[in-house]
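# Coordinate inspection notes
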Amino acid sequence: MPGIDKLPIEETLEDSPQTRSLLGVFEEDAVAISSYFSQLFTAMQRIYDAQNELSAATHLTSKLLKDYEKQRFPLASDDEVMSSTLQQFAKVIDELSSCHAVLSTQLADAMMFPITQFQERDLKEILTLKEVFQIASDDHDVAINRYSRLSKRKENEKVKSEVMEDVYTSRKKQHQTMMHYFISLNTLQYKKKMVMLEPLLGYMQAQISFFKLGSENLTQQWEDFLTNIGTSVQNVRREMDSEVETMQQMIQDMENTSDPLYMPDPDPKIIPVNRNLTRKAGYLNCRNKTGLVSSTWERQYFFTQGGNLMSQSRGAVAGGLVMDIDNCSVMAVDCEDRRFCFQITAFDGKKAAILQADSRKDCEEWIATINNISKRIYLSENPEEIAARVNQSALEAVTPSPSFQQRHESFRPNTQGRPRAVRSGSQCSAGSDSPALSSLSLDSLVAPDTPIQFDIISPVTEEHTSQMKSGAQGRINPFGESGGSQPEESEDSILHQLFIVRFLGSMEVKATENVDVIYETMRQILAARAIHNIFRMTESHLLVTCDSLKLIDPQTQVTRLRFPLSSVVLCATHQENKRLFGFVLQTAGGGVDGRAVTVCYVFESNNDGEKICDSVGLAKQIALQSEMDRKATQKERDMNKVKEKQKEELSKQKQIEKDLEEQSRLIAASSRPNPPAADGQFLVLSNSPSEDSETGEEGQKKGESEA
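Note that the coordinates shown come from a computational prediction; the quantities given were computed from them, not determined experimentally.

This next bit is on the pairing of strand S13 (residues 580-587). Within S13, 7 of the 8 residues are buried, which leaves the element mostly enclosed by the surrounding structure. Relative to S13, strand S12 (residues 568-573) is paired through 5 bridges, and the arrangement is antiparallel. Opposite Cys 571, over in S13, you have Phe 583 as the bridge partner. Summarising the sheet, S13 and strand S14 (residues 597-605) pair through 8 bridges and their orientation is antiparallel. The residue bridging Gln 586 from the neighbouring strand is Thr 598, located in S14.

We now examine the packing of helix H1 (residues 17-49) against helix H4 (residues 104-148). At a minimum axis distance of 10 Å, the contact between H1 and H4 shows a crossing angle of 155°. By the criterion of interaxial angle, the relationship of H1 to H4 is roughly antiparallel. Every pair of crossing elements has a handedness; the one defined by H1 and H4 is left-handed.

The next subject is the sheet that holds strand S3 (residues 308-312). On the basis of which strands lie adjacent, the open sheet formed by 7 strands has the order S4-S3-S2-S1-S7-S6-S5 and antiparallel pairing. The sheet terminates laterally at strand S4 (320-324) and strand S5 (329-335), the two strands that pair on one side only. In this sheet, neighbouring strand axes are inclined to one another by 40° on average, regardless of whether the strands run parallel or antiparallel. Of the pairings in the sheet, the one linking strand S2 (residues 295-305) to S3 comprises 5 bridges and is antiparallel in character. Bridge pairing in S3 links Gln 305 to Asn 308. Where H1 meets the sheet, it contacts strand S1 (281-289), S2 and S3, and its direction lies at approximately 85° from that of S2. In the packing of helix H7 (residues 360-374) onto the sheet, contacts are made with S1, S2, S3, S5 and strand S6 (338-345), and the angle to S6 comes to roughly 10°.

Pairing is antiparallel across the open sheet formed by 7 strands, whose spatial order is S11-S10-S9-S8-S14-S13-S12. In this open sheet, the two strands that pair with only one neighbour each are strand S11 (559-564) and S12. Taking each pair of neighbouring strands and ignoring which way they run, the sheet shows an average axis angle of 30°. For strand S9 (residues 538-545) and strand S10 (residues 548-552), the ladder comprises 4 bridges, and the chain directions are antiparallel. The residue of S10 that forms the bridge with Val 544 is Leu 549. Sheet strands in contact with helix H12 (residues 516-531) are strand S8 (496-508), S12, S13 and S14, and its direction is about 75° off that of S8.

Residues separated by three or four positions in an α-helix point in the same direction, a consequence of the helix having 3.6 residues per turn. With 45 residues, H4 extends 62 Å between its outermost C-alpha atoms, agreeing within 8% with the 66 Å of an ideal straight helix rising 1.5 Å per residue. Of all the bends in H4, the largest measures some 45° and sits at Met 112, one to four residues before the proline Pro 114.

So, on to unusual backbone geometry. Even without being glycine, Asp 15 reaches a positive phi, approximately 50°. One can find Asp 15 in the segment before H1. Take Asp 15: its relative accessible area is 5%, and that puts it in the buried class. Here the phi dihedral of Asn 327 falls at roughly 60°; this positive angle occurs in a residue that is not glycine. With respect to the helices and strands, Asn 327 occurs in the loop between S4 and S5.

What follows is about a negative patch on the surface. Negative charge collects at one region of the surface, where Asp 138, Asp 139, Glu 165 and Asp 166 lie side by side. For the negative patch, the secondary-structure elements that each account for two or more residues are H4 and helix H5 (157-211). Among the secondary structure elements, Asp 138 is positioned in helix H4.

Applying the stated rule across the entire model yields 24 salt bridges. The partner of Glu 520 in a salt bridge is Arg 523, and the shortest N-O contact between them spans 2.7 Å. Placement of the pair is Glu 520 and Arg 523 together in helix H12, with a separation of 3 residues, close to one helical turn. Accessibility expressed as a relative area gives 2% for Arg 523, which makes it buried. When salt bridges with common partners are traced through the structure, they connect Asp 15, Arg 20, Asp 141 and Arg 314 into a single cluster.

To continue, consider the pairing of S14. In summary, the side chains of a regular strand alternate between the two faces of the sheet. S14 sits mainly inside the fold: 9 of its 9 residues count as buried. The pairing of S8 with S14 spans 7 bridges and is antiparallel. Across the sheet, the residue bridging to Phe 503 is Phe 603, located in S14.

Quick look at the packing of helix H3 (residues 80-95) against H5 now. Relative to each other, H3 and H5 sit at 30°, their axes nearing to 12 Å. As the angle between them shows, H3 and H5 are arranged roughly parallel. Read as a crossing pair, H3 and H5 show a hand that is left-handed. Within the contact between the two elements, H3 uses Met 82, Leu 86, Phe 89, Val 92 and Ile 93 and H5 uses Lys 193, Met 196, Leu 197, Leu 200, Tyr 203 and Met 204. Looking at side-chain class alone, the contact of H3 with H5 contains 10 nonpolar, no polar and 1 charged residues.

Another aspect to go through is the packing of aromatic side chains. The description of two aromatic rings rests on the distance between their centres and on the angle between their planes. The final tally for this structure, using the stated rule, is 13 aromatic pairs. Ring plane angle 90° and centroid distance 5.8 Å describe the contact between Tyr 36 and Phe 37, whose orientation is recorded as edge-to-face. Note on Phe 37 and Phe 118: the rings are 4.9 Å apart at their centroids and 55° apart in plane angle, and the pair reads as tilted. Of this pair, Phe 37 sits in helix H1 while Phe 118 sits in helix H4, and the two are 81 residues apart along the sequence. For Phe 37, a relative accessible area of 1% puts it in the buried group.

Rules and cut-offs
- Every chain is numbered independently, its residues counted from 1 as its sequence is written.
- Local features in this predicted model are restricted to residues of pLDDT 70 or higher, and side-chain atom pairs are both shown and tallied only at a pLDDT of 80 or more, whereas totals for entire chains, interfaces and linings draw on every residue.
- Excluded from the side-chain calculations are hydrogens and water; all other atoms, namely the structure's heavy atoms, are used.
- Buried means the residue's accessible area, taken with a 1.4 Å probe over protein chains only, is under 20% of the maximum for its type, while exposed means over 50%, and partly exposed covers the values in between.
- Elements are defined by DSSP. Helices are runs of H or I of four residues or more, strands are runs of E of two residues or more, and each kind is numbered from the N terminus.
- For two strands to count as paired, DSSP must find a minimum of two bridges between them.
- The angle between two axes is taken between their N-to-C directions and runs from 0 to 180 degrees, where each axis is a line fitted to C-alpha atoms and a helix contributes only its stretch in contact.
- To sort the angles, those under 35 degrees are grouped as roughly parallel, those over 145 as roughly antiparallel, those from 65 to 115 as roughly perpendicular, and the leftovers as oblique.
- Crossing chirality is assigned from the near helix's rotation relative to the far helix, an anticlockwise turn below a right angle marking it left-handed and a clockwise turn marking it right-handed.
- By definition in these notes, contact holds between two residues if any of their heavy atoms fall within 4.5 Å.
- In this analysis, the expected span of each helix is defined as 1.5 Å times one less than the number of residues it contains.
- The term bend refers to the angle at a residue between two fitted axes, each drawn through seven residues, those ending there and those starting there.
- Patch membership requires more than 30% relative accessible area and the absence of a salt bridge. Residues of like charge join within 9 Å; the nonpolar side chains Val, Leu, Ile, Met, Phe, Trp and Tyr join within 5 Å.
- In this description, accessible areas are obtained by the Shrake-Rupley approach with a 1.4 Å probe, and a residue is regarded as covered only by the protein chains that are shown.
- For this analysis, a salt bridge means a side-chain nitrogen from Lys or Arg found within 4 Å of a carboxyl oxygen belonging to Asp or Glu.
- Positive: Lys, Arg. Negative: Asp, Glu. His and the chain ends are not part of the count.
- Every charge is mapped to an atom, namely NZ of Lys, CZ of Arg, CG of Asp or CD of Glu.
- Under the scheme applied here, ten amino acids are nonpolar (Ala, Val, Leu, Ile, Met, Phe, Trp, Tyr, Cys and Pro), four are charged (Asp, Glu, Lys and Arg), and all others, including Gly, are polar.
- We call Phe, Tyr and Trp rings a pair once their centres come within 6.5 Å, taking the six-membered ring for Trp, and we label the pair stacked below 30 degrees between planes, edge-to-face above 60, and tilted otherwise.

The following block contains the structure:
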């Protein structure tokens, strides 16, 4: 007999929509078999009950056998042997339909018993298992729904224990019932052939033994045919027994290995988290908003397909697209009163989905899988191997051998009086140690044990910033913004470019003359995130203008941070992952001792980070050109002022010379003797009214004395 399709017992615990769909096909096939065998049973019952109707009943049986190949069994394959065998049976039964039969006893034992046993025992057993499985499935759904609604703030250990025990019992009951139900449906495919052939075999043997019809050749021919059919039936029975034994052993093995999986939140020490997955499937609760503040949760089967996240409801034939997770971002979130929630945001930031897993392990595996898919690791030939290598390198990156601190201590006594090591001109990739960088040069970039800031502390509003300016002059916040007065950004700036970025972290650095400090900061921040399982990132809008860089809250449009463009000294992207970029900000007198503070900020963008660096470079060029134009204008103004001042001084000099000439003329005129007046007095001339008045009085007195 050819191979028979069967239900996969190993997938009963997962209970995926594909398995349910395949189960529906088998159930539909069982209904069709039950309907067909009911008709066959009725036909054989008529043979047994009424000898008078033997001819009509055998004719109906022959007709049903001829119609077998026309039946639309969902699991029926192109079995030519079975079809041809039934056609031969139909032909013989049609020839014997004219013969009367008084074979009640033989027919009852050889024909009616197998089909009656199949009808009353096997088919009813399948119906009973179907009802029990449906009840177990409903109980499991109720238990899972109750478990999903467990509160994380008002958690009662007794209630939690009862709910988890209920989930364990219902899941185990569903799993065991489903496995036995699958065995019955798989066995039905074998019994269908046996029950189809055994009654016919008994009927034909009874007919041959009773009537002794036909010639010896015809009888010998049909005996050989029936012997072959009997051998085939025995082979099918042995195959069925072997398959049943294999499935029973599989059930026993799966019951032993699946016991820890019945718990909804297994211990990660027993079942560790796998962070190297590039494909994952399972049930999740999806939050759907029904209003401004209200929402509902729907349990669906989610699975990844390439770079897409798909979902499928139970009973659906195929899944639907949820979102494209290439270049997306995923992070764990605190959502309402639910545990184990995470949020997926599309690459353009316009679409987001909040999902809830059944356990912390499942939540972390989903986050790691989506992160791996977001990096397009699935496109490689060995995605899981590459994902394992990437995760391993990230874990090893934060603790290179020897560590920063060990190297710093070991080299400290030998560095006195020795010139600083010269860095190689080749650039190193973030996340891997460059052979050109010595331990001293790494320490010269980033100090050992430097703390890392992974999130923005609080949003900075314009009003709060003005209060900080007026209340705390000269104070520096943790992100390098000066508390002193800052010039307001010009509204007529010729450059306004907006980018969607996510803040990865920042830390204080030492060097500002080489982009290697940005690569080293990226390596340490990414490694620290991987080690401490930090996946949450703050999304902001980065506004690049000719005066500053601003981080704006996308929801409230409030400026979180403002970096003066003049303080940005370096900007570079990751050498391998171009979506990562960073810049170095230097503020004068920001430290406690008045020294300059240098901080490196690292971001992840949806687009190419080089575009952002080019935009920052363009802004600095525009700002530099504006500054040069301003200085040229100021210089021209200063020169004009000098020229005007020189003109004023020249005019004053000319006026002084003119006054001196006039004074000299007056002095010369006053030195000549004055002609006497008519009354014998002299008239004295002076060059000023006061002198005129003084000299006039003296001259008058002299004139009077002379007279």
